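# Structural features, examined
The chain contents come next:
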Amino acid sequence: MDPVIQLSQLSKRYKNFSAVEDVSLEIEKGEIYGFIGLNGSGKTTTIKMLLGMVRPSHGSCSIQGRKIELSNHSMWANVGSLVETPYAYPELTVKENLEIFRQLRGVSDADAVHQVMEQLKLTGYADKKAGKLSLGNTQRLGIAKALLHKPEILILDEPSNGLDPTGIIEVRELFQHLAKDLGVTIFMSSHLLSEVAKIATTIGVIHQGKLLQEIKADGFKDLLRKRLVIDAREKDRAMTELNNAGYSAVFNKDGRIETTADYALQYPDEISRYLVSSGIPPTHLALEEEDLESYFLRVITQRKE
Ligand code: ATP
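Residues numbered from 1 in each chain as written. Predicted model: local features only at pLDDT ≥ 70, side-chain atom pairs only at ≥ 80, totals over all residues. Heavy atoms only, no water.

## As for the domain arrangement of the protein
One can read the domain layout of the protein as domain 1 (5–221) and domain 2 (226–289). Just the C-alpha atoms count here: the centres of domain 1 and domain 2 sit 46 Å apart. (Domains from an automatic or database assignment.)

## Some details on the pattern of salt bridges
Per the counting criterion, the structure on display carries 14 salt bridges. Taking the shortest distance from any N to any O, the salt bridge between R227 and E258 comes out at 3.7 Å. Linking R227 in strand β11 (residues 226–232) with E258 in strand β13 (residues 257–259), this pair joins segments that are 31 residues apart in sequence. Taking the relative accessible area as the measure of exposure, E258 reaches 19% and is therefore buried. (Salt bridge = Lys/Arg side-chain N within 4 Å of Asp/Glu carboxyl O. Helix = DSSP H or I, 4+ residues; strand = E, 2+ residues; numbered from the N terminus. Buried < 20%, exposed > 50% of the residue type's maximum accessible area, 1.4 Å probe, protein only.)

## Describing a nonpolar patch on the surface
On the surface, Y87, Y89, I100 and L104 cluster together into a nonpolar patch covering about 440 Å² of accessible area. Structurally, L104 can be placed in helix α2 (residues 94–105). (Patch = residues over 30% accessible without salt bridge, like charges linked within 9 Å, V, L, I, M, F, W, Y side chains within 5 Å. Areas by Shrake-Rupley, 256 points an atom, 1.4 Å probe, with all protein chains shown as cover.)

## Overview of the packing of helix α4 (residues 135–147) against helix α5 (residues 165–182)
It is the contact of α4 with α5, at a shortest axis distance of 12 Å, that shows an interaxial angle of 10 degrees. Comparing their axes, α5 and α4 come out roughly parallel. Residues R140, I143 and L147 of α4 lie in contact with α5, whose contacting residues are G167, E170, V171, L174, F175 and L178. Classifying every residue of the contact of α4 with α5 by side-chain character gives six nonpolar, one polar and two charged. (Axes fitted to C-alpha atoms, helices over the stretch in contact; angles between N-to-C directions. Parallel < 35°, antiparallel > 145°, perpendicular 65-115°, else oblique. Contact = heavy atoms within 4.5 Å. Nonpolar A, V, L, I, M, F, W, Y, C, P; charged D, E, K, R; others polar.)

## Section: the packing of aromatic side chains
Using the criterion set out here, one finds six aromatic pairs in the structure. Measuring from ring centre to ring centre gives 6.4 Å for Y33 and F35, while their planes differ by 50 degrees; the resulting arrangement is tilted. Judged by relative accessible area, which is 0%, Y33 ranks as buried. The structure contains a cluster of three or more aromatic residues connected by ring pairs, namely Y33, F35 and F187. The ring of F101 carries the charged tip of K145 above its face, separated from the ring centre by 5.4 Å. (Phe/Tyr/Trp six-rings, centres within 6.5 Å; stacked < 30°, edge-to-face > 60°. Lys NZ or Arg CZ within 6 Å of the ring centre and 35° of its normal.)

## Side note on the site of the ligand
Around the ligand lies a shell formed by Y14, F17, A19, L38, N39, G40, S41, G42, K43, T44, T45 and E158. Take G40: an N or O atom from its main chain is 2.6 Å from an oxygen atom of the ligand. Within the backbone of K43, an N or O atom sits 2.9 Å from an oxygen atom of the ligand. Protein burial of the ligand: of its 640 Å² of free accessible surface, 59% is covered by the chains. Among the secondary structure elements, those contributing two or more residues to the shell around the ligand are β2 (17–27) and α1 (43–50). For the shell around the ligand, the element with the most residues is α1, which contributes three residues. Per-class residue counts for the shell around the ligand are four nonpolar, six polar and two charged. (Near = heavy atom within 4 Å. Polar contact = N/O pair within 3.5 Å; in protein donor to acceptor, adjacent residues only side chain to side chain.)

In structure tokens, the structure reads:
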């Protein structure tokens, strides 16, 4: 099956500055692709090129096999998008804004506005002026506009910007439902790996305009570094015993013993047994996993030029 979204060697230069460099990726139907990068890494520029809002300096992108052309308006019927601060008519209410959008989009179902307000929990704000909404509800309105015409493809730049923790979870569950149950293909950017890792089927890490790494969700756990952290009343003796037994261990910044030896990670119970039999029962023994943001920073700093 052809990819729904395809970027081929996509690049954007501004004078001497390379905002996006040689980015190629493919997204299949029903996938949620999480596009992760720090501020200024090139996410918005990539998304704008994909939406035909910025002309690439080199390379191309296509949606459903059709090359993106700035002037080709018909191809956007299947696409919902959200880029930067979503625009709304500030003097009109939420409902009126969505109603205008429904007509612009040519959506014949008059109930679509009501449905999308329910989906985004905006019904309670239907009669509030868009200009008076909180940041989170402005974002919800932006997402509502992206979903109103029930597109098969969603392209969203930092969709959880401004949302509170409950909002982040609700929107995440909504995207998951759309992708899993309705086969919607989602390309979304974020600067938080921990956030997209919860729903993305593939994660792409962009740094200084380059796509550094692509990770499939099922392989992701294996990439996180693990370590066994041990504490004992007699730390130095415990360290000596572990070293004597062939486990390379170090004291970490908290003064606890830490090892990344494969056997220790696989059989922490054996380590515990060994220390007990050596007369140094551990007071703490825990298998810890690198957190996602540390992993993300490790990936981008390792590759920094
Ligand atoms: P953020 O998370 O802060 O939105 P981002 O990953 O979306 O960041 P971009 O907005 O794509 O990053 O910007 C990438 C780089 O390109 C930045 O250094 C930015 O300053 C630069 N840039 C973007 N647009 C232009 C422009 N029109 N002219 C010159 N430089 C630009």
